[in-house]
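One-letter residues, chain by chain:
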Amino acid sequence: MDKETLSVEERDLYVSGMIKAVHQFWEETDLEVCLQMTKQDMVKKLQEIAETCSNEKITVTVSEDDVGYEYMDERRFDKEKL
C-alpha cells in the first residue's frame, strides 16, 4: 500500500470488498463442495478472490500460513442418534 496514493478510507473500502467477496463465496457455495475442498483448495479460492479485489492501488494477499480450514460433516452424527 502506497500511503501517498491510497487513503485509509480507500484501503478500508477495498478490504471490505474482500470481506464481502468471501461472504458471498460462503453463501453461494454448496455445502457438499466445501466438504470436498482441502485446505489447499480453499487457499487457492481465497487467493483468486484476493486477486479480483486487488488493483493498481492495493494488492490483497492470502498466505497459506494464515488460512485455517477445518471441517466436520456432522450429519452422520445425527443419523447415529436415530
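From a predicted model like this one, the values you see are computed outputs, not experimental measurements.

Moving on: the pattern of salt bridges. Scanning the entire structure with this criterion turns up two salt bridges. With a closest N to O distance of 2.9 Å, Lys57 and Glu10 form a salt bridge. Taken together, the residues span a long stretch of sequence, with Lys57 in the loop between α3 (39-52) and α4 (75-81) and Glu10 in helix α1 (residues 8-28) at a distance of 47 residues. The exposure class of Glu10 is partly exposed, given its relative accessible area of 24%.

What follows is about the nonpolar core. In terms of nonpolar packing, the biggest core is built from 15 residues, with Met18, Met42, Leu46, Ile49 and Val62 touching the most fellow members. Where this core is concerned, the elements lending two or more residues are α1 and α3. Take this core: its biggest share by element is five residues, from α3. Dropping the residues within four chain positions of it, Met42 is found in contact with Phe25, Trp26, Met37 and Tyr69.

Rules behind the numbers
Residues numbered from 1 in each chain as written. Predicted model: local features only at pLDDT ≥ 70, side-chain atom pairs only at ≥ 80, totals over all residues. Heavy atoms only, no water. Salt bridge = Lys/Arg side-chain N within 4 Å of Asp/Glu carboxyl O. Helix = DSSP H or I, 4+ residues; strand = E, 2+ residues; numbered from the N terminus. Buried < 20%, exposed > 50% of the residue type's maximum accessible area, 1.4 Å probe, protein only. Core = buried A, V, L, I, M, F, W, Y, C linked by side-chain atoms within 4.5 Å. Contact = heavy atoms within 4.5 Å.

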